[in-house]
Each structure stands twice: as structure tokens, then as C-alpha cells.
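Listed here are the chains, written in short residue letters.
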Amino acid sequence: MIDLSLARISRLLQHTPQRWRAIHVAGTNGKGSICAYLSAMLRASGQSCGRFTSPHLIDRWDCVTIDEKPISETVFRDAEAVVKKRNDEDAVGATEFELLTATAFEIFNSSNVQYGVIEVGLGGKLDATNAMKQKVVTVISKIGLDHQSMLGNTIEEIALQKAGIMKPGIPCVVDGSNSPSVLEVIRRHAKEVGAEVHCPSVAGVADSVVGEAFEPHQVQNLTCAYHALRLAHPEAPPLTHLLDAIKKVSWPGRLQRLNISKITGREQPVLLDGAHNPQSAEALAIFVDKHLRAPGQPVTWILAASQGKDMDGILGLLLKPGDNVAAVKFEPVDGMPWVQPADPSGLLSVATSYGVTLADQHDGGDNISETLTWASQKAGTGQIVIAGSLYLVSSILRLLRDAK
């Protein structure tokens, strides 16, 4: 269930001290990467740090890290038990995400972290994470159209929901590549709240990472993260001193090269990316066209989507006539029963409209392993890209982990 409100989470957290300094990150795309950069840089600066991002990738507890290390299942379940007991005894009626957020905050408290880097779950203003205290800086990444049924039908309405994480007197770092109308909404709300907006230039960061194979959107995310770091922890070292830590940041499902030989025997790596809205699909398409597409050679896509996503807008950016497409359902999502996969046949119908012939399509149903095998055989030594959903990313990574 998704029920945006702060009343229940506030009751759950009333007995949880929040002594750590919080960095709160909202946005449509890039917010998870910004969180990963931030926690890595804080740790490299000698600060203890907890990170909470969602959704989880393989297991529910991998959404919480302490000092760049995933917590153990035991630590997670012990904290979750405390939160669930409180929820039952006080008849709070919390949602699954509210219970998860409170669990993360319990773990931060018991770990005595100095900083908490928190990714918004959905929106901002009424997201459970917005009940946190001790914010020292907020961050708003690139905003696009996604989750319109809950956040608003225009990009400006969505921007206002994201801007709801701002607090009086607390600086807010904003991705300056957002559209002028989005920036106007954010600046207007900041003035009403009493928050100062920072739109840092990418120039200095871009110069620091020349030759490091960062894509343009990654430079933009790193720029926001580093500026937020300097606001939250002014004693942080220069970016050049943090590059080793930054280069080690691994954010699964974002332009990730992956070996699937355990399942298919394929020797060449595939590209795994969680692009699930038109804006992230555009970034993926630019990367594929620049680095993977060869003249006259098709790309083989393995696609899944959550119900209600703009697959016409996404596939219109990714596919070219002559490509191969396999569509499949991702596995049930632990702790998020409201998330349902789109029917593969619907995805293939959209693919047909963009010039993918029926002979080059495959309906994998809910058999991900068999779908990977079909794609490997169809592609030969050509390129394979897996995209469309972070939940498909989770299913693929779990399948590889469990493969014998």
C-alpha cells in the first residue's frame, strides 16, 4: 500500500533518537547515485555514515548500509522487530515503507553514525523519510514525469512535491540542468520556506574527472553530491582527494556491465540498467548509441516494466528498427505487494510499433532464465541490454547470485 502521510511515521519515530546529521535527497532520476557518492565521500572524509535507499536490490536489508557496508540480515530483523512491536502496541497502522524507514532510522541510531544519507521513497513532501530531524542539507536531482497518479500530471506539480523536503534555513542543492519551469517552482517554494537554493556549476567537477569515463549525467550527479558534501561537512577535502573513493562507488543496475555466463554460457558481458521513465531512458539510449551500437548491427533488449509506466515513451527512445526484443515479468517484490509487472505482450506490441519485427520478438512470460538464454542465442556476439525496471534489475541479480 502507498498512502502518503507523515502522521503514522512520526508516531513510529517518536521514541527513536535522531542525533545524526541528515542529508535528504529527492528527485526523479539520479538520487540513488547522489546518495552513493555522498556516503562514499563522507566515509573517505573520516565521517561515520548510514545510507538508506530504495527499493532494495536483492534482499530487503541491502537498502541500508553503515560505513559503506551492507548491514546483516540479523541486524535488520532485530531493528525491524522493535519497529513492528511499536507499530502493533500503539496501533499505528503503518505502511510497509513507513516500517522500513523507521527500521533504517533505528539502525542509524544504534550504530551511532554521524551522518545519515537518505533517499526519498516517493515524491518528497509527504514521503515517510520527510519525518526525519536534524537536516543539514537537502538535494533535488533531475526531475521528470514519473508516478503521475500520486505526484501530479505536470512536471511542475511533481517538482513542488519534491521541493517539499526543504526546511527553513537549510540549504538545498538543485541539479541546474532541470528545465527552467522546474527551477522556477523550486526557487519560488524555497523563498516561501526560507531555504537557500544552490545550483552548482559542473565545470569544476568535470575538470576533476577528465579521463575517468564519467557520463554527462554522472558528472551532474557528482556535482550535486560534492556541493552537498561541502555544505554538510565544510571540512571535507578537495574533490581530487576523494576521487579514489568515488571511482570505487558501485551502484548496481546503473550502466552496470554484467556477466551472465552462469545462466547462458555467454562469454560477452551484458549491460544492466534500471531506466524506467523517459528521462532515464534517454540517458541510457545516448550511452548505448555512443558505446554499444555498431553500424548495421542490432541491439538485443530484455525488457520489463511495472504496470502503468510510459513504455511508449521509453521504448521510443531505446529501440531502433531491426533490434531484437524479449519482454518478461519481474519476480514478486518482497515487501512491496502493490508493485505488479506489466504484461510482456503489451511491451511487445509497443516494440512492433517502433519497427521490431515479430520474428525478432520473444514473450518470456515469467521465465527470466529462459529469456536470458533466448536473448543470448539471438544476439550471438552482439550487444544485449537489460532495462525497463529496477525490479527486473533485482530479479536478474538475485538469479545470478543463486545460480549454481
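See the structure printed just above.
Q: I tried to follow helix α16 (residues 390-402) on my own but got confused; where do I start?
A: Residues that lie three or four places apart on an α-helix share one face, since the helix turns once every 3.6 residues. Here α16 is 13 residues long and its end C-alpha atoms lie 18 Å apart, about the 18 Å a rise of 1.5 Å per residue gives. Within α16, 10 of the 13 residues are buried, leaving the element largely enclosed by the surrounding structure. When α16 is considered as a whole, its buried residues turn out to be Leu390, Tyr391, Leu392, Val393, Ser394, Ser395, Ile396, Leu397, Arg398 and Leu400. Summarising the contacts, the buried residues of α16 are in contact with β9 (256-258), α11 (261-264), β10 (270-272), β11 (300-303), α15 (368-379) and β14 (384-387). For α16, the side-chain oxygen to backbone nitrogen distance between the N-cap and Tyr391 is 2.9 Å, and the N-cap itself is Ser389.

Q: Teacher, can you tell me more about the pairing of strand β1 (residues 21-26) here?
A: Sheet faces and side chains relate simply in a regular strand, where the side chains alternate between the two faces. Counting buried positions over the 6 residues of β1 gives 5, a clear majority of the element. As defined by bridge partners, β1 adjoins strand β5 (residues 115-119) across 5 bridges and the pair is classed as parallel. Its bridge partner lying in β5, Arg21 is registered against Tyr115. Examined bridge by bridge, β1 and strand β6 (residues 135-140) share 5 bridges and lie parallel to one another. Across the sheet, the residue bridging to Ala26 is Ile140, located in β6.

Q: In this structure, what is going on with the sheet that holds strand β3 (residues 64-66)? I would like to understand it.
A: The strands that make up a sheet are held in pairs by hydrogen bonds between backbone atoms, and each pair lies either parallel or antiparallel. Pairing within the open sheet is mixed, and its 8 strands lie in the order β4-β3-β2-β5-β1-β6-β7-β8. The sheet terminates laterally at β4 (69-70) and β8 (197-198), the two strands that pair on one side only. The pairing of strand β2 (residues 49-52) with β3 spans 3 bridges and is antiparallel. Its bridge partner being in β3, Phe52 is matched across the sheet by Val64. Packed on one face of the sheet, helix α9 (residues 216-232) meets β1, β5, β6, β7 (172-174) and β8 and runs near 165 degrees to β6.

Q: How should I be thinking about the nonpolar core in this particular structure?
A: Within soluble globular proteins, side chains that are nonpolar tend to cluster in buried spots. Ranked by size, the top nonpolar core spans 31 residues in total, and within it Ile23, Leu38, Met41, Val139, Leu222, Leu229 and Ile246 carry the most contacts. Elements that contribute at least two residues to this core include exactly β1, α2 (31-44), β5, β6, α9 and α10 (239-247). With 8 residues, the top contributor of residues to this core is α9. Val64, Ala79, Ala104 and Ile118 belong to the second largest nonpolar core, which has 29 residues in total.

Q: Could you clarify how one ought to interpret α2 in this entry?
A: Here α2 contains 14 residues, and its C-alpha end-to-end distance of 20 Å stays within 8% of the 20 Å for a straight helix at 1.5 Å per residue. Among the 14 residues that make up α2, 12 are buried, leaving the element largely enclosed by the rest of the structure. Those residues of α2 lying buried are Lys31, Gly32, Ser33, Ile34, Cys35, Ala36, Tyr37, Leu38, Ser39, Ala40, Met41 and Leu42. Along its buried surface, α2 packs onto β1, β2, β5, β6, α9 and α10. Directly beyond the C-terminal end of α2, a positive phi value near 90 degrees is found at Gly46.

Q: Would you explain the state of the cysteines in this entry?
A: Where two cysteines share a covalent bond between their sulfur atoms, that bond is called a disulfide. Tallying each qualifying case throughout the model produces 0 disulfides. Here Cys35 stays unpaired: no disulfide links it, and the sulfur of Cys49, its closest cysteine neighbor, is 9.3 Å away.

Cut-offs applied
- Residues numbered from 1 in each chain as written.
- Predicted model: local features only at pLDDT ≥ 70, side-chain atom pairs only at ≥ 80, totals over all residues.
- Heavy atoms only, no water.
- Helix = DSSP H or I, 4+ residues; strand = E, 2+ residues; numbered from the N terminus.
- Expected span 1.5 Å × (residues − 1).
- Buried < 20%, exposed > 50% of the residue type's maximum accessible area, 1.4 Å probe, protein only.
- Contact = heavy atoms within 4.5 Å.
- Polar contact = N/O pair within 3.5 Å; in protein donor to acceptor, adjacent residues only side chain to side chain.
- Pairing = 2+ DSSP bridges.
- Axes fitted to C-alpha atoms, helices over the stretch in contact; angles between N-to-C directions.
- Core = buried A, V, L, I, M, F, W, Y, C linked by side-chain atoms within 4.5 Å.
- Disulfide = S-S within 2.5 Å.

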